[in-house]
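Each chain, written out:
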Amino acid sequence: MAEDRTGEHDHGIVRETGWKEPMITFVPLDESHVSLMHSWLSAGETLRWYGRQLATEESIRQKYLITKPQTGTRCFIFQHDQEPIGYLQYYRISDYPMYCSLVGAGPHDYGLDLFIGRDDQIGRGVGTQIVTAALNELIFARDDAERCLVGPSPENKRAIRCYEKCCFRHVKTVVANDGEKEHIMVVEKPNKTRQPTS
């Protein structure tokens, strides 16, 4: 497992973007979130694009509280003005050798996955705020991070547009081990914190 150099960045991170803009908070995933995760992964856009099949609370507990942390993935619930609205995870891609080879990642590349669990928050610009906060405060806050990769479905046009607004560019399309296509996009670590484009 990679040395954790994020310090306080892994414990309830807050990013406040301005006087009238919402506060984004990342809370490390724990047992209290299992029921909420189950409700999100069982319906709506989350089931369509992220879950793809119904999960039980026990399978969620095993996957997100045990298996993922053991392999170095850091898991969070993200809040929008103190309301939990989705899930985010990031990981050093080289900790997953088969996937690393598939996407052509380097030793300092990190992967990012997320979903907005509440359909009423989709299409309101929240996604770009979440991604920008994750890049600035989680991934690129690490000394060893040089690039961030995401892999939305090529059919998920809304997610692709969100990542484009956050300066990601498409580099290739791959077929993952589960048979699903991934539209691989990458953004490089900037010299200063970035803001999403309009």
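See above for the structure.
What this report covers is the structure whose coordinates are included nearby.

Definitions and limits used
- Residues numbered from 1 in each chain as written.
- Predicted model: local features only at pLDDT ≥ 70, side-chain atom pairs only at ≥ 80, totals over all residues.
- Heavy atoms only, no water.
- Phe/Tyr/Trp six-rings, centres within 6.5 Å; stacked < 30°, edge-to-face > 60°.
- Helix = DSSP H or I, 4+ residues; strand = E, 2+ residues; numbered from the N terminus.
- Buried < 20%, exposed > 50% of the residue type's maximum accessible area, 1.4 Å probe, protein only.
- Axes fitted to C-alpha atoms, helices over the stretch in contact; angles between N-to-C directions.
- Parallel < 35°, antiparallel > 145°, perpendicular 65-115°, else oblique.
- Left-handed = near helix turned anticlockwise from the far one by under 90°.
- Contact = heavy atoms within 4.5 Å.
- Nonpolar A, V, L, I, M, F, W, Y, C, P; charged D, E, K, R; others polar.

**Digging into the packing of aromatic side chains**
The description of two aromatic rings rests on the distance between their centres and on the angle between their planes.
So, step 1. Following the criterion strictly, the structure yields eight aromatic pairs and no others.
So, step 2. Considering the side-chain rings of Tyr90 and Tyr110, the 6.2 Å spacing of their centres and the 50° angle between planes classify their relative orientation as tilted. Of this pair, Tyr90 sits in strand β4 (residues 83–92) while Tyr110 is found in strand β5 (residues 109–116), placing the two residues 20 residues apart along the sequence. A single burial state applies to Tyr90 and to Tyr110, both of which are buried.
So, step 3. Note on Tyr91 and Tyr96: the rings are 5.4 Å apart at their centroids and 75° apart in plane angle, and the pair reads as edge-to-face.
So, step 4. Assessed through its relative accessible area of 26%, Tyr96 is described here as partly exposed.
So, step 5. Joined through ring pairs, the aromatic side chains of Phe26, Phe76, Tyr90 and Tyr110 make up one cluster.

**Focus on the packing of helix α5 (residues 126–139) against helix α6 (residues 157–165)**
Angle between the axes and distance between the axes: these two values describe a pair of packed helices.
So, step 1. One can describe the packing of α5 onto α6 by two numbers: an axis separation of 9 Å at closest approach and a directional angle of 50°. Taken together, the axes of α5 and α6 lie oblique to each other. In terms of crossing hand, the pair formed by α5 and α6 is right-handed. Each of Gly127, Thr128 and Val131 in α5 lies in contact with α6, whose residues at this interface are Cys162, Tyr163 and Lys165.
So, step 2. Its residues assigned to classes, the contact of α5 with α6 comprises three nonpolar, two polar and one charged.

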